[in-house]
Amino acid sequence: MSPSFPRGIPPLALVVILVNATGFAALAAPLSADMIVSVPDQVLALVDRGKLIARYSISTSKFGTGDSAASFRTPLGTLFVSAKIGDRLPPGTVIKNRIATGEIVAVDAPGRDPIVSRVIWLRGMEAQNRAARDRCIYIHGTPEERRIGKPASFGCIRMRSRDIIDLYDHVHIGTHVLITPRRIHDFVKPEEPSLLARSD
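Values in this document were obtained by computation on a predicted structure and should not be read as measured data. (Residues numbered from 1 in each chain as written. Predicted model: local features only at pLDDT ≥ 70, side-chain atom pairs only at ≥ 80, totals over all residues. Heavy atoms only, no water.)

K.L.:
In this structure, what is going on with the packing of aromatic side chains? I would like to understand it.
P.N.:
The way to describe two aromatic rings as a pair is by their centre distance and the angle between their planes. Tallied over the full model, the rule gives four aromatic pairs. Consider the rings of Phe-63 and Phe-154, whose centres lie 5.9 Å apart with planes at 50°: the pair is tilted. Within this pair, whereas Phe-63 is found in the loop between strand 5 (51–57) and strand 6 (77–85), its partner Phe-154 is found in the loop between strand 10 (138–141) and strand 11 (157–159), the two being separated by 91 residues in sequence. Here Phe-63 falls in the partly exposed class, since its relative accessible area comes to 39%. Ring geometry for Phe-72 versus Phe-154: centroids 6.1 Å apart, planes at 80°, classification edge-to-face. (Phe/Tyr/Trp six-rings, centres within 6.5 Å; stacked < 30°, edge-to-face > 60°. Helix = DSSP H or I, 4+ residues; strand = E, 2+ residues; numbered from the N terminus. Buried < 20%, exposed > 50% of the residue type's maximum accessible area, 1.4 Å probe, protein only.)

Here it is in structure tokens:
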């Protein structure tokens, strides 16, 4: 018997529906899509079988790379998305202890540096990043958008609110994340990105 698929979802576009940490069901990106975070480029790329889907400027730790406790460094290696927090929150919404406070902070608001908009919580898969989840290593929004493109975080991967919201809608629980000291062009095929790909 042939498998049946929901109306409007073609069989070849294999997708999954997951319930994330906020309890809402979300339509995920293709299962083959992965994230690659290049520390030297300060870029996060969403890649499907070597093809660039989207590219975003980011900010990793100003203290460098590593995974020791209280180091405030960004871990290297392969991790995966273990939780997603912030469905449908307005851009700039403050998220404290993984709960939305209801406050909205403007971009580059003086003296403000909370986590905002969305949280993608990472869990390590290797010895070199085994503490990542306990250290609360996230991909998250920041109001300090002027600092995006250079190392400025305390271990997490920071993004502009519009970019983390876009990325959040394209990844699912279980999506792999490679954080690497290599450059993005080492992983992406030398071809023009699709018309759907976005780049800063």
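The rest of the description comes next.
K.L.:
What exactly am I supposed to notice about the side chain of Ser-71 here?
P.N.:
With respect to the helices and strands, the residue Ser-71 is situated in the loop between strand 5 and strand 6. Of the residues examined, Ser-71 reaches a relative accessible area of 13% and is grouped as buried. A distance of 2.8 Å separates a polar atom in the side chain of Ser-71 from the backbone oxygen of Ser-68. When residues no more than four places from it in sequence are discounted, the contact partners of Ser-71 are Phe-63 and Arg-135. (Polar contact = N/O pair within 3.5 Å; in protein donor to acceptor, adjacent residues only side chain to side chain. Contact = heavy atoms within 4.5 Å.)

K.L.:
So what exactly am I meant to see when it comes to the pairing of strand 9 (residues 116–124) here?
P.N.:
A regular strand places its side chains on the two faces of the sheet in alternate fashion. The element strand 9 is extensively covered by neighbouring structure, given that eight of its nine residues are classed as buried. Examined bridge by bridge, strand 6 and strand 9 share six bridges and lie antiparallel to one another. Note that in strand 9 the partner of Leu-79 across the bridge is Gly-124. (Pairing = 2+ DSSP bridges.)

K.L.:
Explanation requested: the confidence of the model for the protein chain in the structure shown.
P.N.:
Where the model shows low pLDDT, its predicted coordinates should not be examined in detail. Within the protein chain, residue pLDDT values average 85, and 78% of them lie at 70 or more. Here residues 1–31 is modelled with pLDDT under 50, and outside its nearest four sequence neighbours on either side it reaches 41 contacts, counting other chains as well. (pLDDT = per-residue confidence, 0-100.)

K.L.:
Hey, could you run me through the pattern of salt bridges in this one?
P.N.:
Opposite charge on two side chains allows them to pair when their charged atoms are near. Counted by the stated rule, this structure contains twelve salt bridges. As a salt-bridge pair, Asp-67 and Arg-135 come within 2.8 Å of each other at their nearest N and O atoms. Of the two residues, Asp-67 sits in the loop between strand 5 and strand 6 while Arg-135 sits in the loop between strand 9 and strand 10, which places them 68 residues apart along the sequence. Taking relative accessible area as the criterion, Asp-67 reaches 13% and is therefore assigned buried. (Salt bridge = Lys/Arg side-chain N within 4 Å of Asp/Glu carboxyl O.)

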